[in-house]
Number of protein chains: 2
Amino acid sequence: MLAMKIQLALDRLSIEAAVRLTKQVEAYIDWVEVGTSLIKEFGMQSVYALKEAFPDKIIVADMKTIDNAVYECQLCYDAGADVTTVMGVSPLPTIEACMNEAARRNKQVMIDLLNTNVEQVQQFIPYDAVLCLHTSKDEQELQHGATSSITNIQSYVVQQQNLKLAVAGGVSLNTIGNIQALYPSVVIIGGAITKAENPANAAQQFKKYIS
Amino acid sequence: MLAMKIQLALDRLSIEAAVRLTKQVEAYIDWVEVGTSLIKEFGMQSVYALKEAFPDKIIVADMKTIDNAVYECQLCYDAGADVTTVMGVSPLPTIEACMNEAARRNKQVMIDLLNTNVEQVQQFIPYDAVLCLHTSKDEQELQHGATSSITNIQSYVVQQQNLKLAVAGGVSLNTIGNIQALYPSVVIIGGAITKAENPANAAQQFKKYIS
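In this report, we go over the structure that sits alongside the text. Remember, predicted model here, so these are calculated numbers, not experimental data.

What counts as what
Residues numbered from 1 in each chain as written. Chains lettered and ligands numbered in written order. Predicted model: local features only at pLDDT ≥ 70, side-chain atom pairs only at ≥ 80, totals over all residues. Heavy atoms only, no water. Pairing = 2+ DSSP bridges. Helix = DSSP H or I, 4+ residues; strand = E, 2+ residues; numbered from the N terminus. Axes fitted to C-alpha atoms, helices over the stretch in contact; angles between N-to-C directions. Contact = heavy atoms within 4.5 Å. Buried area = accessible area lost by both parts, 1.4 Å probe. Salt bridge = Lys/Arg side-chain N within 4 Å of Asp/Glu carboxyl O. Polar contact = N/O pair within 3.5 Å; in protein donor to acceptor, adjacent residues only side chain to side chain. Buried < 20%, exposed > 50% of the residue type's maximum accessible area, 1.4 Å probe, protein only. Phe/Tyr/Trp six-rings, centres within 6.5 Å; stacked < 30°, edge-to-face > 60°.

This paragraph deals with the sheet that holds strand 7 (residues 164–168) of chain B. Consider a sheet: its strands pair through backbone hydrogen bonds, and that pairing is either parallel or antiparallel. Residue and element names in this part refer to chain B. Read around the barrel, 8 strands follow the order 1-2-3-4-5-6-7-8 and close on themselves; strand pairing throughout is parallel. In this sheet, neighbouring strand axes are inclined to one another by 25° on average, regardless of whether the strands run parallel or antiparallel. Pairing between strand 1 (residues 5–10) and strand 2 (residues 31–34): 4 bridges, direction parallel. Its bridge partner being in strand 2, leucine 8 is matched across the sheet by valine 32. Contacting strand 3 (58–65), strand 4 (83–87) and strand 5 (108–112), helix 4 (residues 69–78) runs over the sheet at an angle of about 155° to strand 3.

Next up, the structure:
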């Protein structure tokens with residue numbers, strides 16, 4: 001019995017469609033991610049709207065911060081986010097500023113490990129953050145769902161003790177078994193739920209699989 | 001006589017204040033940057049509003065794309081942007097997707113070299129993109145305006161021929177002389193104009209200095 005949480009990633013949708021879709025699946029998911037595409041298209045009103053519609057869910061604002069850390073954290077925490085994301089490839093002062101702002105506000109940070117190397121990831125191990133093994137959308141399109149670009153850091157990360165790990169990028173019912181073997185705290189699922197013919201049914205299947 | 005362009009970076013402002021401020025200085029500046037903070041707070045309406053107010057200026061959407069490249073390029077080109085930014089620390093497929101989408105739409109890409117290394121930058125030299133030497137806001141706050149984190153790539157970049165170079169990060173009337181020595185095509189100025197007591201006067205001084 002694993003305490004793996006499901007984070008629903010909402011991308012390339014209107015705010016209204018994102019709320020509607022989340023309502024269909026809310027019984028089967030734990031965290032709600034306001035995707036970067038919603039934030040860049042609609043701004044902070046996307047975060048406000050999702051928090052307002054789902055006040056009892058953990059709301060993750062996928063800000064992908066890479067500079068201007070305190071300002072960006074404040075924007076999305078003020079809008080109702082519980083977790084914000086920062087890129088692991090940022091200069092370290094940016095990541096530290098996010099950690100400090102989250103601690104000050106009693107909020108959380110997810111560090112997106114996209115395109116990082118082991119040397120960078122080592123610096124994040126002492127942090128009280130969720131570390132996210134992430135295969136980007138653009139890499140998935142080239143590699144047909146393979147996760148080769150994260151292989152180097154993946155083998156390092158899974159050796160660490162007591163990490164809060166998240167896994168993201170093309171997660172499907174076909175790949176969930178491999179992901180479960182990494183014992184993540186959070187598995188991030190987007191299109192496999194949001195683009196399913198029956199999103200509630202798809203979400204229920206994921207939920208059943210990991211319980 | 002250098003053909004250096006001034007890009008006004010609009011950050012941490014309301015859309016209305018950004019338009020008002022740009023109106024005060026438009027005679028002295030060439031490119032108008034819709035800053036990442038405006039995009040993340042207000043979404044694409046920030047880009048629409050600046051292009052509508054300044055249809056004859058080059059509008060740069062500082063998207064800081066690091067994934068989902070085609071979608072993000074389409075969002076901001078559709079909103080009126082002439083140039084979009086992509087992070088040099090992205091996986092290469094993301095940067096290539098931006099280059100392809102810009103070529104298809106007859107638009108431009110600025111590659112932000114924040115926290116890149118020489119090996120990464122070498123891959124960008126053949127591209128028809130503007131390369132931006134960028135000291136981040138968060139680094140500036142720690143280093144009091146020093147630009148040490150870009151020293152490695154700066155010495156590599158300035159040796160290249162026929163580059164379209166931009167320089168960003170804490171540019172002031174005190175540092176513009178050093179920046180001019182790099183022969184950039186674009187110098188990106190934010191707070192030194194937007195936070196000046198008299199923005200028009202500050203912009204005019206920059207314009208006079210580089211003409």
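Moving on, there is more to tell.
Take the interface of chain A and chain B next. Counting from both sides, the interface comprises 34 residues of chain A and, opposite them, 34 residues of chain B. Contact between chain A and chain B buries roughly 2,900 Å² in total, counting both sides, with carbon and sulfur atoms accounting for 57%. In terms of surface lost to chain B, no three residues of chain A exceed A:Lys40, A:Asp67 and A:Asp138, which account for 23% of the buried area on that side. There are 2 salt bridges connecting chain A and chain B. Put simply, A:Glu72 and B:Lys40 hold a salt bridge, and the shortest N to O gap is 2.9 Å. Summed over the shared surface of chain A and chain B, the number is 26 residue pairs in polar contact (both at pLDDT 80 or more).

Time to look at helix 4 (residues 69–78) of chain A. Buried within helix 4 of chain A we find A:Ala69, A:Glu72, A:Cys73, A:Leu75, A:Cys76 and A:Tyr77. Phi turns positive, to about 110°, at A:Gly80, one or two residues after helix 4 of chain A.

Moving on: the packing of aromatic side chains. All names here are of chain A. Overall, the coordinates contain 2 aromatic pairs over all chains when judged by the stated rule. Ring centres 6.3 Å apart and planes at 20° place the aromatic pair phenylalanine 124 and tyrosine 127 in the stacked group. Take phenylalanine 124 and tyrosine 127: they sit in the same class, and that class is buried.

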